[in-house]
Amino acid sequence: MHPEPDELAALAADGREPDAAMTTHLRACDDCRFEYEAFQAAAAQVRASEANLDLDLERPSSSVWAGIHRELSLDDRLASDPIASDETPRSVAPIRAADRGVSRRGGWRWWPAVAAAAVVIGVLAGIAIGTRLPPSSPNESIVAEARLDPFPGWTAEGRAVIQESSDGRRTIVVELDGDAETGQLREVWLLREDATGLVSLGLLDDTTGTFALPPGIDLGEFPVVDVSSEPSDGDPAHSGDSIVRGQLRGV
Amino acid sequence: MLSTTVIAQDRRRRALIPEHRRDERKDGFRSMSAPSFAEDDTLAEGFASGDEAALRAAYARWAPLVYTLAARSLGNRSDAEDVTQQVFIAAWRSRERFDPTRASLQSWLIGISRHRIADAHEARARTSRIEARLAGEAVIDGGVFDEDLAERAMVSEALDRLDPVPRQVMRLAFYDRMTHSQIADRLGLPLGTVKSHIRRSLTRIRERWEVEDAPGA
């Protein structure tokens, strides 16, 4: 007997493995399997939409609307920049350079990589390691760690661990020893392996700091922990002056 | 070493978003600074019928998306601003070809952006080919369209356009990760109704995706 479409959709939304009977049926029945896989793909897109899109968007300068207004000879009353009148300040973050030479896979096909990473993290959860860092509380487990090695000119070294609480919230604890003087600004980042993208986690005040990971961030995509020395010039971009860096590995 | 870098989700940018805008997330799927979907439909109809105020409103709403798609692909603010300008000018001049009953204004604008970004790459490649021939070098212009970003925008829009109850069901299931029984309890709905809402909503997303995938403007 075929499962109800509602059941297939609910199963896909759950993200759990189908039970044995369902697995057997899906293997044997093309129609149900296609249906299920289509629901899974849609569910993956919904999950991926959780991160707030607004935060990822840049704003064009006022000259763009001015050019459109002029080119199309629009009504004078519509001349002011529609975006500048918005109360949200224009982002000062740098834009991303083109992914040169990388053929980006289309569609939602990147999702299996995310799912695989989640499985790895899930499997690794619950294995604690001995560490000098603050022990995780009973409902937190260490899911990944990194040894942070110095860049030329620095003698610092450090470690980072990712903790995950039972409700799925993740924090990163970063510890830095050595000659990184206090008094200078040090910023903690997660980077793509090829440094084509990065996420700022916050400033490291002391030798140890704890930062919440933004929900939805994929550690498979941003597997490198970096601590940089930052001038206090108000520019939110990475200074390019890294003190230590290291790759996260599951424990 | 990090001269050209991406800020994917800068925490400080999050801090720049006013508190009340962040709170919009709690009410539903609002991810664009958007009016409700009823207003969206009015906006699309106004645009199609040549209302200049609707063009301005569409720009306010979608220029950041168009610009970011262009900037990420072209890696250059100035080229991205040129493309953004061209997209809205082209959209306005060809508005008679826009049918609000067939596609959303957002997906139409994304379709035009895709073409204009490709044109910008082509123009750039032509210039580099000439320069490279003079210098005897090979040329690669590898900028790509950010499909993930375009899809997130389209899925967010589809979720925003769900009716309030299914939208709430989807938010609880996917963002708050509640089980279907918990959702049924919370909303006072039969479990079967919760599952039906999930099926219908996922189907809407699928169908939307299939529509968006069709050749655009």
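The structure under discussion appears in the preceding block.
These notes cover the structure that comes with them. A quick note: this is a predicted structure, and the numbers were derived from the prediction, not measured. (Residues numbered from 1 in each chain as written. Chains lettered and ligands numbered in written order. Predicted model: local features only at pLDDT ≥ 70, side-chain atom pairs only at ≥ 80, totals over all residues. Heavy atoms only, no water.)

### Quick word on the overall build of chain A
In step 1: Of the regular secondary structure elements, chain A holds 5 helices and 9 strands.
In step 2: Tracing chain A from N to C terminus, the helices and strands come up as α-α-α-α-α-β-β-β-β-β-β-β-β-β.
In step 3: Considering chain A as a whole, with its 251 residues, one finds that 51% of them fall into the buried category.
In step 4: Long-range pairs, those at least 24 residues apart, make up 56% of the contacts in chain A between residues at least 6 apart in sequence. (Helix = DSSP H or I, 4+ residues; strand = E, 2+ residues; numbered from the N terminus. Buried < 20%, exposed > 50% of the residue type's maximum accessible area, 1.4 Å probe, protein only. Contact = heavy atoms within 4.5 Å.)

### A word on the pairing of strand β6 (residues 208-212) of chain A
Residue and element names in this part refer to chain A.
In step 1: The side-chain alternation of β6 yields one buried face, formed by Gly209 and Phe211, and one unburied face, formed by Thr208, Thr210 and Ala212.
In step 2: Relative to β6, strand β3 (residues 170-177) runs antiparallel, the two sharing 5 bridges. The partner of Val173 across the bridge, within β6, is Thr210. (Pairing = 2+ DSSP bridges.)

### A look at helix α8 (residues 164-175) of chain B
Residues and elements named next belong to chain B.
In step 1: Across its 12 residues, α8 extends 15 Å between first and last C-alpha, which sits within 8% of the 16 Å expected from 1.5 Å per residue.
In step 2: The complete set of buried residues in α8 reads Pro166, Val169, Met170, Arg171, Leu172, Ala173, Phe174 and Tyr175.
In step 3: Looking one or two places after α8, you find Arg177, whose phi comes out positive at around 55°. (Expected span 1.5 Å × (residues − 1).)

### So, unusual backbone geometry
In step 1: Phi angles above zero are rare outside glycine, and A:Ser73 is one such case at about 45°.
In step 2: You can see A:Ser73 is positioned in the loop between α4 (62-71) and α5 (111-124).

### A few points about the packing of helix α1 (residues 5-14) of chain A against helix α3 (residues 30-48) of chain A
The packing of two helices is summarised by the inter-axis angle and the distance between the axes.
Residues and elements named next belong to chain A.
In step 1: At their nearest, the axes of α1 and α3 sit 8 Å apart, and the two run at 40° to each other. Between α1 and α3, the angle is such that the two are oblique. Handedness of the α1/α3 crossing: right-handed. On α3, the residues that touch Pro5, Leu8, Ala9, Leu11, Ala12, Ala13 and Asp14 of α1 are Cys32, Glu35, Tyr36, Phe39, Gln40, Ala43 and Arg47. (Axes fitted to C-alpha atoms, helices over the stretch in contact; angles between N-to-C directions. Parallel < 35°, antiparallel > 145°, perpendicular 65-115°, else oblique. Left-handed = near helix turned anticlockwise from the far one by under 90°.)

### Focus: the side chain of B:Ser73
In step 1: With respect to the helices and strands, the residue B:Ser73 is situated in helix α4 (residues 52-74).
In step 2: A relative accessible area of 0% means that B:Ser73 is categorised as buried.

### Some remarks on the packing of aromatic side chains
All names here are of chain B.
In step 1: Under the criterion given, the structure shown has 6 aromatic pairs over all chains.
In step 2: Centre to centre, the rings of Phe47 and Trp108 are 6.2 Å apart; their planes meet at 75°, and the pair counts as edge-to-face. Of this pair, Phe47 sits in helix α3 (residues 37-48) while Trp108 sits in helix α6 (residues 105-135), and the two are 61 residues apart along the sequence. Each member of the pair Phe47 and Trp108 is classed as buried.
In step 3: Trp108 sits in the buried class, given a relative accessible area of 8%.
In step 4: In textbook terms, an aromatic cluster arises when at least three aromatic residues are bridged by ring pairs, as seen for Phe47, Trp92, Phe98 and Trp108.
In step 5: Lying across the ring of Trp92, Arg95 places its NZ or CZ 4.1 Å from the centre. (Phe/Tyr/Trp six-rings, centres within 6.5 Å; stacked < 30°, edge-to-face > 60°. Lys NZ or Arg CZ within 6 Å of the ring centre and 35° of its normal.)

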